[in-house]
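A structural walkthrough
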Amino acid sequence: MLLINPIDILALCWFVFCWAGYTWGADHRGPSQSRGLSQATAAHREIWMRRMLERENRIVDSTLLGNLMRSVAFFASTTTLIIGGLVASLGAAEQAISIVQEIPFAAPVSPLLWKAKLLLLVLIFIYAFFKFTWSTRQFNYCNILIGAAPMDISDTVEVDEYACRAAHLLALAGENFNRGLRAYYFGLAVLSWFINPWLFMAVSGWVVLVLYRREFASRTLKALTADEKPDQPIT
């Protein structure tokens, strides 16, 4: 029988709340709220697609998309290795528990609960894998749109519609890639659960703070929104 300490249940519920709450808050911001990296890059994607339509030779655009796809494919392949390692570690639960229990503030855990935590990590990285592979396919579809882009740009209505459609597809691909990366962050938070549920709760909250700062209060965002002063030192 799998016995779970009430603190572990509380920690797991807090983790789910942090991940789901942050995802909803970050991806469903109203027009009156401050923009994040996703919203800022969406405007640049539309500008990119308009510039693409103005170019006769669109090799540079395909090259840029290829670079993006290689980054996503790297994370997808890395995720499969992580999943394989986690599945393999299910057979070494006893040895892993004995090692972790040597940490002074480590909480006692049963082998079944330890494996349940490993399975949670497996599910998180499976989710990330699906997000990365779907993002790769969407970037492939963007390549198709670039190849099928009209050469005659005299029809401004058609050009605007095509640029918006291509930019929207790029935004969807970037959104799935971003959600896959978030899974990595929260997956790392789960690692702290193997030591102590209170530490797990603290790290989950810390991950939310890190993600919020990078997406909504970073200097990268200021640079993308033209708010960064050029005379400021880079840190």
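Read on for an overview of the structure. (Residues numbered from 1 in each chain as written. Predicted model: local features only at pLDDT ≥ 70, side-chain atom pairs only at ≥ 80, totals over all residues. Heavy atoms only, no water.)

1. Some remarks on the nonpolar core
In terms of nonpolar packing, the biggest core is built from 57 residues, with Met-49, Trp-114 and Phe-186 touching the most fellow members. Counting residues per element, the ones that place at least two in this core are α1 (6-27), α2 (37-54), α3 (59-89), α4 (93-100), α5 (111-147), α6 (156-191) and α7 (197-216). Excluding its chain neighbours within four sequence positions, the residues that come into contact with Met-49 are Ala-163, Ala-166, Ala-167 and Leu-170. (Core = buried A, V, L, I, M, F, W, Y, C linked by side-chain atoms within 4.5 Å. Buried < 20%, exposed > 50% of the residue type's maximum accessible area, 1.4 Å probe, protein only. Helix = DSSP H or I, 4+ residues; strand = E, 2+ residues; numbered from the N terminus. Contact = heavy atoms within 4.5 Å.)

2. Quick look at α1
Under the 1.5 Å per step criterion, the end-to-end length of α1 is 31 Å for 22 residues, consistent within 8% with the ideal 32 Å. Among the residues of α1, Asp-8, Ala-11, Phe-15, Cys-18, Trp-19, Tyr-22, Thr-23 and Ala-26 are the ones counted as buried. Taken end-on, α1 shows its buried residues confined to a sector of 110°, consistent with a single buried face. Set apart from the buried face of α1 by more than 90 degrees, the exposed residues are Pro-6, Phe-17 and Trp-24. Between the side-chain oxygen of the N-cap and the backbone nitrogen of Ile-7 there are 2.9 Å, and the N-cap of α1 in question is Asn-5. (Expected span 1.5 Å × (residues − 1). Arc of directions from axis to C-beta. Polar contact = N/O pair within 3.5 Å; in protein donor to acceptor, adjacent residues only side chain to side chain.)

3. Concerning the environment of Trp-206
Along the chain, the position of Trp-206 falls in helix α7. We classify Trp-206 as exposed; its relative accessible area is 54%. The sequence separation of Trp-206 and Ala-189 amounts to 17 residues, and the corresponding C-alpha distance is 8.8 Å.

4. A short note on the packing of aromatic side chains
Inspection of the entire model under this criterion finds 18 aromatic pairs. An angle of 35° between the planes, with centres 5.2 Å apart, marks the rings of Phe-15 and Phe-200 as tilted. Taken as a pair, Phe-15 in helix α1 and Phe-200 in helix α7 lie far apart in primary sequence, 185 residues in all. Its relative accessible area of 0% is what places Phe-200 among the buried residues. A ring pair is formed by Trp-114 and Phe-194, whose centres lie 4.7 Å apart and whose planes are at 65°; its orientation type is edge-to-face. Pair noted here: Trp-114 is in helix α5 and Phe-194 is in the loop between α6 and α7, with a separation of 80 residues, a long-range link. As far as burial versus exposure is concerned, Trp-114 and Phe-194 are alike and both buried. An aromatic cluster is defined as three or more aromatic residues linked by ring pairs; in this entry it consists of Phe-15, Trp-19, Tyr-127, Phe-186, Trp-193 and Phe-200. (Phe/Tyr/Trp six-rings, centres within 6.5 Å; stacked < 30°, edge-to-face > 60°.)

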